[in-house]
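Residue-level structure breakdown
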Amino acid sequence: MEALDYHAEERRKAEFNLDEMKIVWAGSRRTYEISDRMARLVASDPVFRKDNRTMLTRKDLFKDTLRKASHAWKRITDLRLSEVEANMLRSYVDQPAFTDLHWGMFIPAIKGQGTNEQQEKWLPMAYKMQIIGCYAQTELGHGSNVQGLETTATFDPHTDEFEIHSPTLTSSKWWPGGLGKVSTHAVVYARLITGGQDHGVHGFIVQLRSLDDHLPLPGITVGDIGMKFGSGAYNSMDNGLLRFDHVRIPRNQMLMRVSQVTREGKFVQSDVPRQLVYGTMVYVRQTIVSDASCALARAVCIATRYSAVRRQFGSQNGGPETQVIDYKTQQSRLFPLLASAYAFRFVGEWLKWLYTDVTQRLQANDFSTLPEAHACTAGLKSMTTSVTADAIEECRKLCGGHGYLSNSGLPELFAVYIPTCTYEGDNVVLLLQVARFLMKTVSQLGSGKKPVGTTAYMGRAEHLMQCRSEVEMAHDWLKPSVILEAFEARAVRMSIACAKSLAKFSNPEDGFAELSADLLEPAIAHCQLIVVSKFLEKLQQEIPGKGVKRQLEILCNVYALHLIHKHLGDFVATSCITPKQGALANEQLRLLYAQVRPNAVALVDAFNFTDHYLGSILGCYDGNVYQKLYQEAWKDPLNDTVVPDGYLEYIRPILKQHIRTARL
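Everything numeric here is computed off the predicted structure, so don't read it as measured data.

For the protein, the helix and strand inventory stands at 23 helices and eleven strands. Taking 664 residues into account, the globule formula puts the C-alpha radius of gyration at 26 Å, and the protein, at 28 Å, falls close to it. The principal-axis extent of the C-alpha atoms belonging to the protein is close to 95 × 80 × 65 Å. A sequence separation of at least 24 residues applies to 74% of the contacts in the protein between residues at least 6 apart. Summing over all exposed atoms, the protein offers an accessible surface of approximately 31100 Å²; the carbon and sulfur share of this is 54%. Considering the protein, the positive charge centre built from 74 side chains and the negative charge centre built from 71 side chains are found 2 Å apart.

What follows is the structure in structure tokens.
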């Protein structure tokens, strides 16, 4: 008997070709096919089950993670999967593990900072997982301020070795994933000291544990830092602490692509520019933005499907109640998040191109676009992860009380995602880096140096400072040129206003410190402009499939006009638009929600998530929510017995005491 699809009617309403939209979401037909195959491979394998994850003890959860990581590696090797396929398989296992840091940080660090000889020695072992590595940078006392790290690496010319040491409690490495219980090696960041001179922070490959019995090597103290936020979630990861007591390593284990220490102890810069290190940073941040779109899409998929199933109020003459998704208040909160998921997906695609472009330029010793690319990726990492973290919580609230259930998938998704706002750069610190770059760009506008890349619009500052929006009717807001000019004018005007405020300070650094809260605003405006412009650029491409491009146009307009509505004060205060034009934008936004509505469920179906990966009863594909919630409730360990453990010791004495008291 065929399973009942409670979303069948919703899916019939769709006004576009779903298969083509799935390919647009994936980025290409080939990527879609690989992704679909890997997702189903994981979903069909009982070893990868995760429905009981939040009920496991920390030890059992960690052992479960080791089992899954080991099984994933076996499947990867047995099936001879490509690097792309292997990465997708690991992502669909959907459980933070030491492998994330091994493949995502340890190997890229060696590739980016190691010499050819070092890569030839270490990478083959790492690729075969004969060694397992992590990225030991953050310390107990320093995170964002990398230059403040305290771990030392002192060169001893008599033995041709570095002595790695943790001189203070706050110099303890703290947080690196995979470090606590698994990693055999680490790329350790420490202050390089030769001949009594401090040369700043550099990377060193250090073995931590024996490859025979996995015990820590002499001089090394290592362990797990303890439980983190949430049940399940990131507690599957062994975030570690690490201390060194005068640990010695050979000189050739300093990563020496950019700078070296000679046998005599002389510190020298290589011919390779230091800027090459930024290529890895652009790559990592591009990955984080892509992951943001995926996490946001998961939350939106759950909230959208459940909003279509859930009915409350509005029954007339005994008929069905109103679907929650039909309430305008639900649409105004949910549909902008749906649009944001697509917007972040497309800006993530563009960042992949940017990484390729930056890499090619670096290899040709062209560093002209590097500062802009660095600021751009920093800002987009900050903005997309902050929005996604808030959006996951908003989706939980959109699901009402049932959203608070662990099996809704949303509490664990939130708990596992929110560290992204801190790692690889605290989001506020990153926005301040963007602001600093914008202020420098503004200061150079009169010098004849043309702004490049995502700041190219600042080259038209004179026009953008004077232009006025020509919106007269609500539908005028559907013109791409009108939307883009409003966002460009707002960004330019906010940046120039902050630059003028900074100019009043005799010491620029004092001004930057005093105005730092204000400087966040132009940074955010600039990042929002980038996302809007890249969505609009996507629409200029050839997009196949009936109705697909039309739906993307609607979502792009929802994304842009929602931002105008949300930040109306900025747009009006900078005279980019009038209050009346702002009201017209909101009027058009309401009309757009009505156009999203019949396509909402199909638009989240385009994400092509399996029920296993989504991990949510509320977001299950067939919409059979209530029956599954009821069945799931009885699986809770508390329901193993009818009378709870502890009844005789605690509940019965209370009840009997109350009975005696009542008789007096």
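So that's the structure; there's more coming.
The terminal C-alpha atoms of helix α8 (residues 277-309) lie 49 Å apart, and with 33 residues this matches the ideal 48 Å at 1.5 Å per residue to within 8%. The buried fraction of α8 amounts to 26 of the 33 residues, a majority that puts the element mostly inside the structure.

Attention shifts here to empty space enclosed by the protein. Considering all chains together, one arrives at one cavity of 30 Å³ or more under this definition. In this structure, the largest cavity occupies an estimated 140 Å³ of space. Lining the largest cavity are 14 residues, with Ala69, Ala72, Arg90, Ala97 and Thr99 positioned closest to its centre. At the level of elements, α4 (58-78), α5 (83-93) and α6 (98-113) are the ones that each hand at least two residues to the lining of the largest cavity. Per-element accounting of the lining of the largest cavity gives the leading share, six residues, to α4. In terms of residue class, the lining of the largest cavity is made up of eight nonpolar, three polar and three charged.

Definitions and limits used
Just so you know, the residues in each chain are numbered from 1, in the order the chain's sequence is written. Confidence filtering applies because this is a predicted model: local features only for residues at pLDDT of at least 70, side-chain atom pairs given and counted only at 80 or more, and all residues used for totals across whole chains, interfaces and linings. Side-chain calculation: all heavy atoms of the structure are included, whereas hydrogens and water are not. Numbering of helices and strands runs from the N terminus, with a helix taken as a DSSP run of H or I at least four residues long and a strand as a DSSP run of E at least two residues long. Between the two quantities, the radius of gyration covers C-alpha atoms and the globule rule is 2.2 Å times the number of residues to the power 0.38. The contact criterion used is simple: two residues touch if any of their non-hydrogen atoms lie within 4.5 Å. With residues, only the protein chains shown are counted as cover, and all accessible areas are computed by Shrake-Rupley using a 1.4 Å probe. Counted charges follow a simple rule, with Lys and Arg positive, Asp and Glu negative, and His plus the chain ends left uncounted. Charged groups are reduced to one reference atom each: NZ for lysine, CZ for arginine, CG for aspartic acid, CD for glutamic acid. Multiplying 1.5 Å by the helix residue count minus one yields the expected span of that helix. To sort residues, take the accessible area from a 1.4 Å probe on protein chains only and compare it with the maximum for the residue type: under 20% means buried, over 50% means exposed, and anything in between is partly exposed. Of the two site types, the cavity is a set of points on a 1 Å grid over the protein atoms alone where a 1.4 Å probe fits but cannot get out, and the pocket is an open set with protein on both sides within 12 Å along at least five of seven lines, each lined by residues with an atom within 4 Å of a point. Grid points are joined across faces, edges and corners, and a volume is the space filled by probe spheres set on the points. By the convention adopted, Pro, Cys, Tyr, Trp, Phe, Met, Ile, Leu, Val and Ala count as nonpolar, Lys, Arg, Asp and Glu as charged, and the other residues, Gly among them, as polar.

Any functional reading would require information beyond the geometric quantities listed.
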